[in-house]
Amino acid sequence: MPIAAAPPPAQPAADNRSAIVCVRALGPRPLFFTGKLIGKRPGAKPPGDFELSLRANTEQCNHLLRSKIADWSLSVTTPGFKACALPPPEFGYRTTFTAKATARGLSCTPAGRTPIGTWK
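(A) Representation of the nonpolar core within the structure. Ranked by internal contacts, the top residues of the largest apolar core, which has 22 residues, are Leu-31, Phe-33, Leu-74, Val-76 and Leu-86. Only strand 1 (18-26), strand 2 (31-39), strand 3 (50-54), strand 5 (70-77), strand 6 (84-86), strand 7 (93-102) and strand 8 (105-115) provide two or more residues apiece to this core. In this view, Leu-74 contacts Val-21, Phe-33, Thr-34, Gly-35, Phe-50, Leu-64, Cys-84, Ala-85, Leu-86, Pro-87 and Pro-89; residues no more than four positions away in its chain are not counted.

(B) Looking closely at the state of the cysteines. Using the criterion set out here, one finds two disulfides in the structure. In this model, Cys-22 is linked to Cys-61 through a disulfide, with the two sulfur atoms separated by 2.0 Å. Judged by the sign of its S-S torsion, about 105 degrees, the bond between Cys-22 and Cys-61 is right-handed. Residue Cys-22 is found in strand 1, and its partner Cys-61 is found in strand 4 (residues 59-65); the two are separated by 39 residues along the sequence. Relative accessible area serves as the criterion here: at 0%, Cys-22 is assigned to the buried category. Classification of Cys-61 as partly exposed rests on a relative accessible area of 31%. Going through the protein chain in sequence order and numbering each bonded cysteine, the pairs you get are 1-2, 3-4.

(C) Representation of the pairing of strand 1 in the model. Within strand 1, seven of the nine residues are buried, which leaves the element mostly enclosed by the surrounding structure. Alignment of strand 1 against strand 4, held across seven bridges, turns out to be antiparallel. Residue pairing in the sheet places Ser-18 in a bridge with Leu-65 of strand 4. In the sheet, strand 1 pairs with strand 7 via seven bridges, with the strands oriented parallel. Considered in strand 7, the bridge of Leu-26 is made with Lys-100.

(D) Examining unusual backbone geometry more closely. The phi angle at Asn-57 is positive, at roughly 60 degrees, despite the residue not being glycine. With respect to the helices, strands and loops of the structure, Asn-57 is situated in the loop between strand 3 and strand 4. Of the residues examined, Asn-57 reaches a relative accessible area of 51% and is grouped as exposed.

(E) Structural view of the side chain of Thr-78. For Thr-78, the position within the fold is in the loop between strand 5 and strand 6. At a separation of 2.6 Å, a polar atom in the side chain of Thr-78 contacts the main-chain carbonyl oxygen of Pro-30.

Analysis parameters
Sequence order sets the numbering: in each chain, residues are counted from 1 along the sequence as written. Reporting of local features is limited, given that this is a predicted model, to residues whose pLDDT is at least 70; pairs of side-chain atoms are given and counted only at 80 or more, and all residues count toward the totals for whole chains, interfaces and linings. Just so you know, side-chain values use all the structure's heavy atoms and leave hydrogens and water out. Residues enter a nonpolar core if they are buried and are Ala, Val, Leu, Ile, Met, Phe, Trp, Tyr or Cys, with the set joined through side-chain atoms within 4.5 Å. Three exposure classes are used, based on accessible area relative to the maximum for each residue type with a 1.4 Å probe and protein chains only: buried under 20%, partly exposed in between, and exposed over 50%. To qualify as a helix, a DSSP run of H or I must reach at least 4 residues; to qualify as a strand, a run of E must reach at least 2; elements of each kind are numbered from the N terminus. Two residues form a contact once any of their heavy atoms are found within 4.5 Å. Disulfide assignment relies on a single distance test, namely cysteine sulfur atoms paired within 2.5 Å. Strand pairing is defined by DSSP finding a minimum of two bridges between the two strands. The term polar contact refers here to a pair of N or O atoms within 3.5 Å; inside protein, the definition further demands a hydrogen-donor-capable atom paired with an acceptor-capable atom, and it admits residues adjacent in sequence only when both atoms are side-chain atoms.

Written out as structure tokens, the structure is:
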């Protein structure tokens, strides 16, 4: 009896309106995960800005929604270091980053990306 092949992983739809971005802090230094909506029109100030405190070796996630009038700007910050900018969120995916403050500065690296899947 032949063994059935596993189904291919789910691909996000082109019209996905949400993304999940997670950051895991490495090391003892206090880090902050921040996000801002940057308006596409001059003078627009959309709501949605956030600043989340990160704990060592724990993922902090935020659910972001797509906006027609603004784009997300994401970063990791800590006092005394230049902020580490994260790439724009990929809607339809859960993206994980690791952040670490060392003597050379603050570094952020991608750690994983998985489709969110369908919402019912």
